[in-house]
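Per-entry structural report
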Amino acid sequence: MNLAGTINTRTLPLLVTSVLFALLFGFGSVSYDNFFSVQVFLNLLIDNAFVAVVAIGMTFVILTGGIDLSVGSIVALTTMVTAALVEQQHWSIWVVVPLVLAIGSLFGLLMGSLIHYFRMQPFIVTLGGMFLARGLCYVISIDSIAITDPTYAAISEYRISFGEEAFLSVSAIISLLTLALAIFLAQYTRFGRTVYAIGGNERSALLMGLPVGRTKILVYTLSGFCSALGGVLVTFYMLSGYGLHALGLEMDAIAAAVIGGTLLTGGVGYVAGSLVGVMILGVIQSLIAFDGSLSSWWTRIAIGVLLCAFCLMQRLLEQGGSNLGAIFSYWKKPAEGSAPAR
Amino acid sequence: MKPTPVLVMQDICKSFPGVKALTDARLRLFPGEVHALMGQNGAGKSTLIKVLTGVESPDSGQILLKDQPIRPESVDDAQKLGISTVFQEVNLCPNLSVAENIFIGRFPMRGLAIDWKAIERDARKALLALNIDIDVTRTLSEFPVAIQQMVAIARALSTEAQVLILDEPTSSLDEDEVERLFDALRELKRKGIAILFVTHFLDQTYAISDRITVLRNGEFIGEYPAAELGRLELINTMVGRDIDEAGQAAKSASSADRPTDRPFISVQGLGAAGRMHPIDLDIYQGQVLGLGGLLGSGRTETARMLFGIDRAESGTIAIDGAPVRLNSPRKAVRQGIAFCPEDRKTEGIVADLSIRENIILALQARRGIFRYLPKRVQTAMADEYIKQLGIRTPDAEKPIGQLSGGNQQKALLARWLATEPKMLILDEPTRGIDIAAKLEIMDLVKTQCRKGLAILFISSEMSEVLRVSDRIAVLRDRQKVGEIDGKAADEQSVFRMIAGAEA
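Given the structure is predicted, the values throughout are model-derived calculations rather than measurements. (Residues numbered from 1 in each chain as written. Chains lettered and ligands numbered in written order. Predicted model: local features only at pLDDT ≥ 70, side-chain atom pairs only at ≥ 80, totals over all residues. Heavy atoms only, no water.)

1. Topic: the overall build of chain B
Across its full length, chain B carries 18 helices and 22 strands. Rg of the C-alpha trace for chain B: 25 Å, near the compact-globule value of 23 Å for 503 residues, within the 12% margin. C-alpha atoms of chain B, sized along the principal axes, occupy 75 × 50 × 45 Å. For chain B, with 503 residues in total, the buried portion stands at 55%. Taking the contacts inside chain B whose residues are at least 6 apart along the sequence as the reference set, 67% of them involve residues at least 24 apart. Element-wise, carbon and sulfur atoms account for 50% of the exposed surface of chain B, whose accessible area totals about 20800 Å². With 64 positive and 68 negative side-chain charges, chain B shows a spacing of 4 Å between the two charge centroids. (Helix = DSSP H or I, 4+ residues; strand = E, 2+ residues; numbered from the N terminus. Rg over C-alpha atoms; globule rule 2.2 N^0.38 Å. Buried < 20%, exposed > 50% of the residue type's maximum accessible area, 1.4 Å probe, protein only. Contact = heavy atoms within 4.5 Å. Areas by Shrake-Rupley, 256 points an atom, 1.4 Å probe, with all protein chains shown as cover. Lys, Arg positive; Asp, Glu negative; His and termini not counted. Charge placed at Lys NZ, Arg CZ, Asp CG, Glu CD.)

2. A short note on the pairing of strand β20 (residues 454-458) of chain B
Residue and element names in this part refer to chain B. Counting buried positions over the 5 residues of β20 gives 5, a clear majority of the element. With burial as the criterion, each face of β20 is covered, one bearing A454, L456 and I458 and the other bearing I455 and F457. Pairing between strand β15 (residues 288-292) and β20: 4 bridges, direction parallel. Of the residues in β20, the one forming a bridge with L291 is I458. Judged from the 5 bridges that link them, strand β19 (residues 423-427) and β20 form a sheet pairing that is parallel. Bridge pairing in β20 links D427 to I458. (Pairing = 2+ DSSP bridges.)

3. Quick notes on the nonpolar core
Side chains of a nonpolar character, in soluble globular proteins, are inclined to be buried together. A:F60, B:V98, B:L127, B:I153, B:L164 and B:L188 are the most contacted members of the largest nonpolar core, which totals 145 residues. Tallying contributions element by element places helix α4 (residues 49-63) of chain A first for this core, with 13 residues. Excluding residues within four positions of it along the chain, B:L188 makes contact with B:L130, B:I153, B:L157, B:L164, B:I193 and B:I195. Membership of the second largest hydrophobic core comes to 88 residues, among which are B:L234, B:L389, B:L456 and B:A473. (Core = buried A, V, L, I, M, F, W, Y, C linked by side-chain atoms within 4.5 Å.)

4. Some remarks on the packing of α4(A) against helix α9 (residues 170-188) of chain A
Residue and element names in this part refer to chain A. Running from N to C, α4 and α9 point in directions that differ by 15°, and their axes come no closer than 8 Å. When the interaxial angle is binned, α4 and α9 end up roughly parallel. Relative to α9, α4 is oriented so that their crossing is left-handed. Contacts from A49, V53, I56 and F60 in α4 reach S171, A172, S175, T178, L179, A182, L185 and A186 in α9. Partitioned by chemical class, the residues of the contact of α4 with α9 number 9 nonpolar, 3 polar and no charged. (Axes fitted to C-alpha atoms, helices over the stretch in contact; angles between N-to-C directions. Parallel < 35°, antiparallel > 145°, perpendicular 65-115°, else oblique. Left-handed = near helix turned anticlockwise from the far one by under 90°. Nonpolar A, V, L, I, M, F, W, Y, C, P; charged D, E, K, R; others polar.)

5. Topic: the sheet that holds strand β21 (residues 471-476) of chain B
Residue and element names in this part refer to chain B. Read from one edge to the other, the open sheet built from 6 strands follows the order β18-β19-β20-β15-β21-β22, with strand pairing classed as mixed. Of all the strands in the sheet, just β18 (337-340) and β22 (479-485) have a single pairing partner and so form its edges. Neighbour-to-neighbour, the strand axes of this sheet turn through a mean angle of 20°, independent of strand direction.

6. A short note on the domain arrangement of chain B
Under the domain assignment, chain B is made up of domain 1 (7-239), domain 2 (245-336 + 422-503) and domain 3 (342-420). One C-alpha centre belongs to domain 1 of chain B, the other to domain 3 of chain B; they are set 43 Å apart. (Domains from an automatic or database assignment.)

7. Focus: the sheet that holds strand β17 (residues 322-324) of chain B
All names here are of chain B. Across the sheet, which stays open at both edges, the 4 strands sit in the order β14-β13-β16-β17 with antiparallel pairing between neighbours. The strands lining the two open edges of the sheet, one partner per strand, are β14 (276-283) and β17. Strand after strand, the sheet turns through a mean of 25° between neighbouring axes, direction not considered. Two elements, strand β13 (residues 265-272) and strand β16 (residues 314-319), share 5 bridges in a ladder whose sense is antiparallel. Paired with Q268 across the strands is T316, a residue of β16.

Written out as structure tokens, the structure reads:
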């Protein structure tokens, strides 16, 4: 496989995103002292680990052509349930974490079932899920609950060192492991390929005998699981449970997936792209933090512009892509002799 | 000498509510033959295929595969029995690689992971067997429809099929691509696979088929060796002798031959690859030009190019002698062209709006939203057309969806007449309406024509084309094969022209 063969309309957005990340990082390195270091790079992973995990789940949903707006609320609900159980009921972390992961998955399973069995719009179902989960947080408490459990504190502070001055947090490691598993799931399992097939053409997927319904439900379950896992990472990061945690995270996750090269119409994109998307959001935040004079809302402005630019690029690629096929000669037998005179 | 058939369908009956789709239909497929299934629209071809592929279950009759009775319950089921189908539209996933499209649903696994190496190797092999050498790791959508069609065939064959059903596989292919497909089919024939080929194209039927089965009105008409059945015979067999008796007699003494010397619209070499061969047409004001031809002969394609819905790739159009470019319906409307599309329900009426609103629609669109027609004017106009065209309704405010098909069609006619067009394109205006309404519509066409409108009339009922047309352009396999005087012509002369020199 040559280079030209590897770069096509599918992989180009991912490539552009990666290059853009490198440019932004390079820009920061030139403009600000101390920006260019391994740790600044690793901090992007540490600070955005939970966003990355949530975006990975979101990517699967978007690949089927769906959407999941409930992820941010599930993250918040997870932190709330965790904080309440750990602080007020003094449950062990080893019971609480599996429990909240199960709750998140169940939440996703229910939404997926509604979407599949009743042919409801994913947008509306998950919007309902978003309100519901956010509201449930306040049933537990309207205030923030600090987590003082020593195990949580220990995990939160634990650093895995690389060489002299570089380190990663537990959360960052978990998000990288999640990414590796997600890539395997997407590229090397029947489930993953069915996800792509559904996004490409759901009717065809059905006619080819693929388990469309089961896969759709599982995708929302997976997203619910990833959201809950993201919530667990937030508790490690923030050491608190609060109904206002992860407000608007669903939009960050969608933005990361789109910037990472996933088409909102489904069927096209890579899980790894979403991590790069998250890192781009992170590096923009870092740049603005390093600058110091700009309001943090400039992050939003930058993301907004980027998002539109990427959607535009994908659209243009799509239109150009349909003409690509004609360029290649593909028949083994050239039409000598049999070619009709024109 | 002849081998036993691999597949036999006997006395298949199938009824849908209100329609008897198949009555004692029969079909025999021998290994290593290409068998064409022919018939007019509604002859029962697609129902027969649906029964064979398990999409519909028959009311009675039996299917024998290698002398064993079978009853497939689903497409998947039929495929497991060795009956694979390639449907008209490519049913693959455009975003996946070629190799993946061939094997998805039955991936070979290596441990927990999909064995991509094996998939790519086997996919390449499967396509090479069809004489196609492409990079199977590339995305399907990068390839033209012809290749996608071949990939679909490769997928169908990768399940060890004994019977391959191709439902109009060539309708979106150009000549070269069809030739490649046929090469592949000949290869499959040699391997002893029985191929059932459904098409509307006569040339293709004779180019590839060994035998032909003809259905008409859901009944088995006959099974013929292709070499022994002439084209004209085939057409007559498909169309049948039960021609509308009123058609010939009622032909009116029509207007003068050529009311104006210069045609209203003159089309030279209008065509698009894969859709329509270049066609020349002259349409005069005060004349009806009929398009005669079988289903799939390019009638609708011509109309859509004239109205700017589909972009023509070659050719010129002149209106009143001045060259124009009609690349959008808006431009066509501005030139005074009106178009009543074939599919009344989806492309014509807006079912929930009232008759008045439906009638006013095109005129309002032409005026633009800032020059709103007062309701008083709208009502007056709607009432006028309801009276003039004899639309049967209590009042103009009734939702058009509640009217009968014939009255809906009249309202659509009114919609375009309200824009005071110079030319009217009518694509199947009489489809799905009762005989009395058909006659009314045809009379309206003649009336409007006498008022000086240029009319292009399309119908799959040859008798109707003959009845209203002053001249008939005869189409076959997406090209114009001739033009005849509507008054001198009868069905046989048109059919002879469709059948061509060989008949």
